[in-house]
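In case you want the letters, here they are:
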Amino acid sequence: MRNLVGLLALFAVCACKSEPTFDERYEAAQEQITDKAEELDHDLDTPSAAETEVAKENKSKN
């Protein structure tokens, strides 16, 4: 019986995953922010098809 309780306690300790440290959370958040910023920069640098059509129409009117 004692062995069973000890074994269950060992499984409980092994099953518990420690939470990430502040530094790990900070690095993950920083990576997310950087990825999102790069995505937004790319979206802003690439003109959409509608914008290029409007630009062509405006250019032909001038």
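Just above, that's the structure.
Residues numbered from 1 in each chain as written. Predicted model: local features only at pLDDT ≥ 70, side-chain atom pairs only at ≥ 80, totals over all residues. Heavy atoms only, no water.

Q: Please explain the overall build of the chain as it appears in this structure.
A: From N to C terminus, the chain includes three helices and zero strands. Each helix and strand of the chain, ordered N terminal to C terminal, gives the series α-α-α. A compact globule built from 62 residues would reach a C-alpha radius of gyration of about 11 Å, whereas the chain, at 28 Å, exceeds it by more than 25%. With respect to the principal axes defined by its C-alpha atoms, the chain has extents near 90 × 20 × 5 Å. Considering the chain as a whole, with its 62 residues, one finds that 0% of them fall into the buried category. With an accessible surface of roughly 6200 Å², the chain has 59% of that area assigned to carbon and sulfur atoms. (Helix = DSSP H or I, 4+ residues; strand = E, 2+ residues; numbered from the N terminus. Rg over C-alpha atoms; globule rule 2.2 N^0.38 Å. Buried < 20%, exposed > 50% of the residue type's maximum accessible area, 1.4 Å probe, protein only. Areas by Shrake-Rupley, 256 points an atom, 1.4 Å probe, with all protein chains shown as cover.)

Q: Whenever I open this one, a negative patch on the surface confuses me. Can you help?
A: A cluster of acidic residues, Asp 23, Glu 24, Glu 27, Glu 31, Asp 35, Glu 38, Asp 41 and Asp 45, forms a negative patch at the surface. Since its relative accessible area comes to 65%, Asp 45 is described here as exposed. (Patch = residues over 30% accessible without salt bridge, like charges linked within 9 Å, V, L, I, M, F, W, Y side chains within 5 Å. Salt bridge = Lys/Arg side-chain N within 4 Å of Asp/Glu carboxyl O. Lys, Arg positive; Asp, Glu negative; His and termini not counted. Charge placed at Lys NZ, Arg CZ, Asp CG, Glu CD.)

Q: Help me understand helix 1 (residues 2-15), please; the structure alone is not making it clear to me.
A: The periodicity of an α-helix, 3.6 residues per turn, causes residues three or four places apart in sequence to face the same way. Between its first and last C-alpha, helix 1 extends 20 Å over 14 residues, near the 20 Å set by a 1.5 Å rise per residue. Buried residues are scarce in helix 1, accounting for zero of its 14 residues. (Expected span 1.5 Å × (residues − 1).)

Remember, this is a structural readout, not a statement about activity or role.
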